[in-house]
Amino acid sequence: MMVAGIGCRKGVGVEDVLAAIETTLEAHGLAMTALSALATAAFKKDEEAIAAAGRTLSLPVIVVDDSALQAASSDTLSHSDLSQDVAGTPSVSEASALAVAGTGAKLLGPRTVLGPVTCAIAISGDAP
C-alpha cells in the first residue's frame, strides 16, 4: 500500500493539495497511479480541499483518529512546532501516512512543504 499523508492550513484550495501530492510523488520518481489512498488527521476531516483531491484522484481519503496519529508519531522524520502544538504530532502528513499504510510502514522521505500544504508518502510491505 502506498499512502499520501496530507497536512494543510485551513481553507486551502484543491489545486494546492493536488500540487503538493504531485510534487512529492515526482520527488520520489513515482506516478499518481501508484497511490492507494490519501490520509489526514481527524481534525482535518472537514477540510474540503482534501476530500476534493480524493475525489479528483478517485482515491479514498482515510481520516486517522488521534490515537493512531499518536502511535505513528514516533516514526516521523520531520518536526513542526505548530503541528506538535495543534495536532500533538510532529508532522500531520507523515504520521497520517504511516498510520494508514499500516504495520511495518516506512516513509519514503521527509514531508514536502509546498506553500500551505504538506505531503508525505508512506509505503507498507505490499507496495509495488
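Keep in mind that this is a model prediction, so the values were computed, not measured.

Let us look at the side chain of Glu47. When you line up the elements, Glu47 lands in the loop between β2 (37–41) and α2 (48–57). When its relative accessible area of 11% is taken as the criterion, Glu47 is described as buried. At 2.8 Å, the side chain of Glu47 forms a polar contact with the backbone nitrogen of Gly11. Ignoring any residue separated from it by four or fewer positions in sequence, one finds Glu47 in contact with Cys8, Arg9, Lys10, Gly11 and Val12.

A separate point is the pairing of strand β1 (residues 2–8). Burial runs high along β1: seven of the seven residues are buried. With seven bridges connecting them, β1 and strand β6 (residues 117–123) associate as antiparallel partners. When the bridges of β6 are listed, Ile6 appears paired with Cys119. Sheet analysis places β1 next to β2, joined by three bridges and oriented parallel.

Below, the discussion takes up the nonpolar core. Side chains of nonpolar character tend, in soluble globular proteins, to be buried together. In terms of nonpolar packing, the biggest core is built from 20 residues, with Val17, Ile21 and Leu35 touching the most fellow members. Elements that contribute at least two residues to this core include exactly β1, α1 (14–27), α2 and β6. Per-element tally for this core: the top contributor is α1, with five residues. Ignoring sequence-local partners within four residues, the contact set of Leu35 consists of Met2, Val3, Ala4, Ile21, Leu25, Leu59 and Ile121. In this structure, Val3, Ala101, Ala105 and Ala120 belong to the second largest nonpolar core, which totals 17 residues.

Rules behind the numbers
Residues numbered from 1 in each chain as written. Predicted model: local features only at pLDDT ≥ 70, side-chain atom pairs only at ≥ 80, totals over all residues. Heavy atoms only, no water. Helix = DSSP H or I, 4+ residues; strand = E, 2+ residues; numbered from the N terminus. Buried < 20%, exposed > 50% of the residue type's maximum accessible area, 1.4 Å probe, protein only. Polar contact = N/O pair within 3.5 Å; in protein donor to acceptor, adjacent residues only side chain to side chain. Contact = heavy atoms within 4.5 Å. Pairing = 2+ DSSP bridges. Core = buried A, V, L, I, M, F, W, Y, C linked by side-chain atoms within 4.5 Å.

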